[in-house]
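A closer look at the structure
Given next are the chains, with one letter for each unit.
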Amino acid sequence: MYQITLSVDGSKADWLYSVDDIIKNKLNDCNAVSAISISGRRVYCSFGCESVSRQQLLAAVKECLVEMFGVVCKFDFIKRNLSIELSKLNYELLLHTLVAFDRENEHKLLCKLIRVEDGMALDGVFNFKLGELKKRWLEICDLTRNNGAYLYDDETYNELLRFLISAVNPKINKLTVCEYDGKYRLTGSLKNSMIDLDVGNSSELMYYLIDLAPLELVIDGGISNNELSKRLIGIFDAKPLNSVKNKTKK
């Protein structure tokens, strides 16, 4: 039996909980188990598997930690260091876009920096090993703040987000969005699977799109929310399905 235990200060416990579902899925793949406990001010997460699956377990945990530091911790860091007076939705969309920006290169760097081992303190890694990344994130905050004037006009705001998303490595080439019964359905093909999911509201839809960063976004039918429609066109250059079909025929 092989076992390792990671820990984090209780004030940062959300870091672990945020990737809990991802960890569980990956643990199932290598027949491993996990358990969370609290002692004093620290939260401990233990992982165990048969010795033969040791390397698979370490790789799975590392992948989850890269996601945690590169997404959850980056989001928290930028939110603490970027103060701009925007509407709640515009501010949240900006934060999600800044987190997605340059994620591929940042994840490569995190893969080099993170070494999973027993007794690993996640807050210690963040405080002492991620200096280069935190410097980059501060530069992103400063650059955004210095160009804050562009964020108060809808057109230039959408253009800025479009520019930032253009630097994001797309997770999918083509994605279709369809509105029905007040919800939105996203469909598309990934390398080894299909995307076919329902999204409950326009904000959630935008978060998914920012994360997926599709090369091509197609609208199947109309979008009743005019503001959302303008965002889809202005940020993702969304096209109606009919115009895409006509272009294909030509």
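The following refers to the structure shown. (Residues numbered from 1 in each chain as written. Predicted model: local features only at pLDDT ≥ 70, side-chain atom pairs only at ≥ 80, totals over all residues. Heavy atoms only, no water.)

Some thoughts on the packing of helix 4 (residues 88–100) against helix 8 (residues 154–166)
Packed helices, taken two at a time, are described by their axes: the angle between them and the distance between them. Their axes nearest at 9 Å, the elements helix 4 and helix 8 cross at an angle of 20°. In terms of orientation, helix 4 lies roughly parallel with respect to helix 8. The element helix 4 and its partner helix 8 pack so that their crossing is left-handed. Here Asn-90, Leu-93, Leu-94, Thr-97 and Leu-98 of helix 4 lie close against helix 8, whose contacting residues are Tyr-157, Leu-161, Leu-164 and Ile-165. Taken together, the residues of the contact of helix 4 with helix 8 sort by class into 7 nonpolar, 2 polar and no charged. (Axes fitted to C-alpha atoms, helices over the stretch in contact; angles between N-to-C directions. Helix = DSSP H or I, 4+ residues; strand = E, 2+ residues; numbered from the N terminus. Parallel < 35°, antiparallel > 145°, perpendicular 65-115°, else oblique. Left-handed = near helix turned anticlockwise from the far one by under 90°. Contact = heavy atoms within 4.5 Å. Nonpolar A, V, L, I, M, F, W, Y, C, P; charged D, E, K, R; others polar.)

Considering a negative patch on the surface
A cluster of like negative charges, contributed by Asp-153, Asp-154, Glu-155 and Glu-159, occupies part of the molecular surface. On the secondary structure map, Asp-153 appears in the loop between helix 7 (131–146) and helix 8. Given the relative accessible area of 38%, Asp-153 is considered partly exposed. (Patch = residues over 30% accessible without salt bridge, like charges linked within 9 Å, V, L, I, M, F, W, Y side chains within 5 Å. Areas by Shrake-Rupley, 256 points an atom, 1.4 Å probe, with all protein chains shown as cover. Salt bridge = Lys/Arg side-chain N within 4 Å of Asp/Glu carboxyl O. Lys, Arg positive; Asp, Glu negative; His and termini not counted. Charge placed at Lys NZ, Arg CZ, Asp CG, Glu CD. Buried < 20%, exposed > 50% of the residue type's maximum accessible area, 1.4 Å probe, protein only.)

Considering the layout of surface pockets
Quantified by volume, the largest pocket comes out at close to 1,100 Å³. Lining the largest pocket are 30 residues, with Glu-67, Val-71, Arg-103, Lys-171 and Asp-211 positioned closest to its centre. For the lining of the largest pocket, the elements supplying multiple residues, two or more each, are helix 2 (20–29), helix 3 (54–81), helix 4, helix 5 (103–113), strand 6 (194–199) and helix 9 (202–212). Grouping the amino acids of the lining of the largest pocket by side-chain chemistry returns 16 nonpolar, 4 polar and 10 charged. (1 Å grid on protein atoms, 1.4 Å probe; cavity = no way out; pocket = protein on both sides within 12 Å on 5 of 7 lines; lining within 4 Å. Points joined across faces, edges and corners; volume = space filled by probe spheres on them.)

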